[in-house]
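Topology and contacts: notes
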Amino acid sequence: MSTKDAGGAMARPGHPGDVGRRVAHRRDQLGLTREQAASRARMDPGFLEYLESQPAAIQLDALTALAGALETSVGYLLGGGLDVPPGRAGPTAHPMLAELATRECWAKLSPGGIGRVALSTPDGPLALPVNYRVLDGTVLYRTAAGSVPARATGHRVAFEVDQLDDALSVGGSVLVTGTAEEVTDPEAIQWFEKHAGPHPWAGGQRDTWIRIKPTAVTGRAIRTVDPPPPE
């Protein structure tokens, strides 16, 4: 299958290759092989491999099929809404707010990524995004010496991670509260650098390592439930 086979409108992302990257990322989130995703979308696995590895335009009907196969929206695959806050979609038809068990909270935290550390400052409370990893039951991030996230050292802080799916209007959040401590052991820092990360997106000199030791881990999730059967 090629982008010229089916006819119809062409879907072009803002930057070449963005669609392929989002397709591959979403497929990994769902734990699907390329063959499984292609089968769901009724397309050739070779075309999906090409799409994920090369900048390419794609027929709108093929993109729609991929969005359905990957349980997301065409807008998401095209990168729509990346410059606005998530969660602008309306609620799902039958939402349910559920408390997460501790093990569920850690399962959501454990992949690492980006979270927000919240702390008090002389100018008032602040919440700032940081790249983080979970290690030995603690939250680990690195920052620049003297920065606001570095000032968390020795204080009680909150750390929050959320996951939102605008296409399905579901998501959840996990909140960690605990004391932040600076890691100063050179051997530990060397091991973090080599094996654990995290590697901040912001770049620059970030040699201050902060560890949050949790005293509480809580979470909530919005899920879709089946409607009650008719009477």
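This write-up is about the structure you can find in this document. (Residues numbered from 1 in each chain as written. Predicted model: local features only at pLDDT ≥ 70, side-chain atom pairs only at ≥ 80, totals over all residues. Heavy atoms only, no water.)

Within helix α7 (residues 186-196), burial applies to Ile189, Phe192 and Ala196. Projected onto a plane normal to the axis of α7, the buried residues spread over an arc of 90° and lie on a single side. In α7, those exposed residues whose orientation departs by more than 90 degrees from the buried face are Pro186, Glu187, Gln190 and Lys194. Residues of α7 that are buried make contact with β5 (124-135), β6 (138-143), β8 (170-183) and β9 (208-224). (Buried < 20%, exposed > 50% of the residue type's maximum accessible area, 1.4 Å probe, protein only. Helix = DSSP H or I, 4+ residues; strand = E, 2+ residues; numbered from the N terminus. Arc of directions from axis to C-beta. Contact = heavy atoms within 4.5 Å.)

For the rest of this paragraph, the subject is the nonpolar core. Within the largest apolar cluster, 21 residues are counted, with the highest numbers of intra-cluster contacts made by Leu109, Val117, Tyr132, Tyr141, Val157, Phe159 and Ile212. Here this core takes four residues from β9, the largest share from any one element. The residues contacting Ile212, other than those within four sequence positions of it, are Val117, Thr138, Val139, Tyr141, Val157, Phe159, Val176, Gly178, Thr179 and Ala180. One finds Ala41, Leu51, Leu63 and Ala67 within the second-largest nonpolar core, a separate group that totals 18 residues. (Core = buried A, V, L, I, M, F, W, Y, C linked by side-chain atoms within 4.5 Å.)

On the secondary structure map, Arg156 appears in strand β7 (residues 156-165). On the basis of relative accessible area, Arg156 is assigned to the exposed category, the value being 56%. For Arg156 and Leu119, which are 37 residues apart along the polypeptide, the C-alpha to C-alpha distance reads 7.5 Å. Apart from the residues within four sequence positions on either side, Arg156 is in contact with Thr177, Gly178, Thr179 and Thr215.

A few words now on the pairing of β5. By the bridge criterion, nine bridges tie strand β4 (residues 113-121) to β5 in an arrangement that is antiparallel. Bridge pairing in β5 links Arg116 to Pro129. Between the end of β4 and the start of β5, which pair antiparallel, lie two residues. Here β5 folds back onto β6 in antiparallel fashion, the turn holding two residues, of which Asp136 has a positive phi close to 50°. (Pairing = 2+ DSSP bridges.)

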